[in-house]
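Structural overview
Given next are the chains, with one letter for each unit.
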Amino acid sequence: MKTYIVGNWKLNFTVGEASIYLHKLLKNLPNYRDVEAVVAPPLIALQPLSLQVDRHKLKLAAQNGFYRDYGAFTGETSYTQMRGMADYAIIGHSERRYIFREDDKMVAKKVAAAIRNRITPILCIGETESERAFGETADVIRDQLIGGLSEVSDDDLDKVIIAYEPVWAISSVKAAKLATPDEVAEVVKLIRKVLKETYGAEFAESVPVLFGGSVNPSNAGAYLTVPGVNGLLMGGSSLILKEFLDIMETAKRVRS
Ligand code: 13P
């Protein structure tokens, strides 16, 4: 299985800045065979960057998209419109769930819409600090997993990636804490257990599971060696060229 290193740029960079960053990234990024490098630019930069990117080195992801393909949905952009531009789509990110009130039903529709448009969904799940404190982590993970995958047919399950991002570990959250590799291992094990019970062993073992939450060059190696983790989803570190390149190098080293 490949290792996935995904940079979520969130609401950062103008179109011009994104293009300059991409130029530098492509210039410095070796072509790693087993490590898939992905960046998710702001939607407004997706189209120009899709013309600029070298897909042998780097893939692009959408940060958001609408679940209907066309119609009277003022202000929205569909995965149909991003077809051929985005290779991946981040869906169910905690910032979308909590700031924009996206629930599991909407997340499920977006996952299905991405697949329908040949875009690989990266389904994000994760508990908040208070859910963890109240011992609700397992329930939240189960609900978000089963809810988010509820509109995916069995035949399409192999097109899905899961990302575990504990909300309390995301760098922009007040008083964010680093998740320990053991804490990550425990939840990743739970994710695969829930998937095995619901969809069978084959999917549970083969689905890529990424970790995200304050990943940086000094902890990336530790997270990448957690059993069952197949990659990383980064925010802050993906905005700093050297850090993104360092983490790619770490991913290559960990694999070999
Ligand atoms: P940070 O790496 O800045 O904690 O962000 C994580 C994240 O939300 C990526 O989607």
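Here, every reference points to the structure presented above.
So, here is what we can say about the structure in this document.

Examining the site of the ligand
What surrounds the ligand is the set N8, K10, H93, E165, I170, S171, G213, S214, L233, M234, G235 and G236. At a separation of 2.5 Å, an oxygen atom of the ligand approaches a polar side-chain atom of S171. With respect to the ligand, the backbone of G235 contributes an N or O atom lying 2.8 Å from an oxygen atom. Its residues assigned to classes, the shell around the ligand shows three nonpolar, seven polar and two charged.

Remarks on the side chain of S237
With respect to the helices and strands, the residue S237 is situated in the loop between β8 (231-234) and α11 (241-255). When its relative accessible area of 5% is taken as the criterion, S237 is described as buried. Once residues lying within four places of it in the same chain are set aside, the contact partners of S237 are V215, N216, P217, E243, F244 and I247.

Notes on the sheet that holds strand β4 (residues 88-91)
Strand order in the closed barrel formed by eight strands is β1-β2-β3-β4-β5-β6-β7-β8, with parallel pairing between adjacent strands. Pairs of neighbouring strands in the sheet enclose a mean axial angle of 25°, with direction left out of account. Taken together, the three bridges between strand β7 (residues 209-212) and β8 define a ladder with parallel strand orientation. The partner of L210 across the bridge, within β8, is G231.

Points about the nonpolar core
I5, I162, I191 and L232 are the most contacted members of the largest nonpolar core, which has 70 residues in total. Broken down by element, the residue count for this core peaks at seven residues, all from helix α8 (residues 181-199). What I162 contacts, discounting residues up to four positions off in sequence, is L123, I125, L145, L149, I191, V207, P208, V209 and L210. Among the nonpolar cores identified, the runner-up in size contains 13 residues, and V6, A40, I122 and A163 belong to it.

What about a negative patch on the surface?
The grouping of D154, D155, D158, E202 and E205 at the surface amounts to a negative patch. Looking at where D158 falls in the secondary structure, it is placed in the loop between α7 (137-148) and β6 (161-164).

Procedures and definitions
- Residues numbered from 1 in each chain as written.
- Predicted model: local features only at pLDDT ≥ 70, side-chain atom pairs only at ≥ 80, totals over all residues.
- Heavy atoms only, no water.
- Near = heavy atom within 4 Å.
- Polar contact = N/O pair within 3.5 Å; in protein donor to acceptor, adjacent residues only side chain to side chain.
- Nonpolar A, V, L, I, M, F, W, Y, C, P; charged D, E, K, R; others polar.
- Helix = DSSP H or I, 4+ residues; strand = E, 2+ residues; numbered from the N terminus.
- Buried < 20%, exposed > 50% of the residue type's maximum accessible area, 1.4 Å probe, protein only.
- Contact = heavy atoms within 4.5 Å.
- Pairing = 2+ DSSP bridges.
- Axes fitted to C-alpha atoms, helices over the stretch in contact; angles between N-to-C directions.
- Core = buried A, V, L, I, M, F, W, Y, C linked by side-chain atoms within 4.5 Å.
- Patch = residues over 30% accessible without salt bridge, like charges linked within 9 Å, V, L, I, M, F, W, Y side chains within 5 Å.
- Areas by Shrake-Rupley, 256 points an atom, 1.4 Å probe, with all protein chains shown as cover.
- Salt bridge = Lys/Arg side-chain N within 4 Å of Asp/Glu carboxyl O.
- Lys, Arg positive; Asp, Glu negative; His and termini not counted.
- Charge placed at Lys NZ, Arg CZ, Asp CG, Glu CD.

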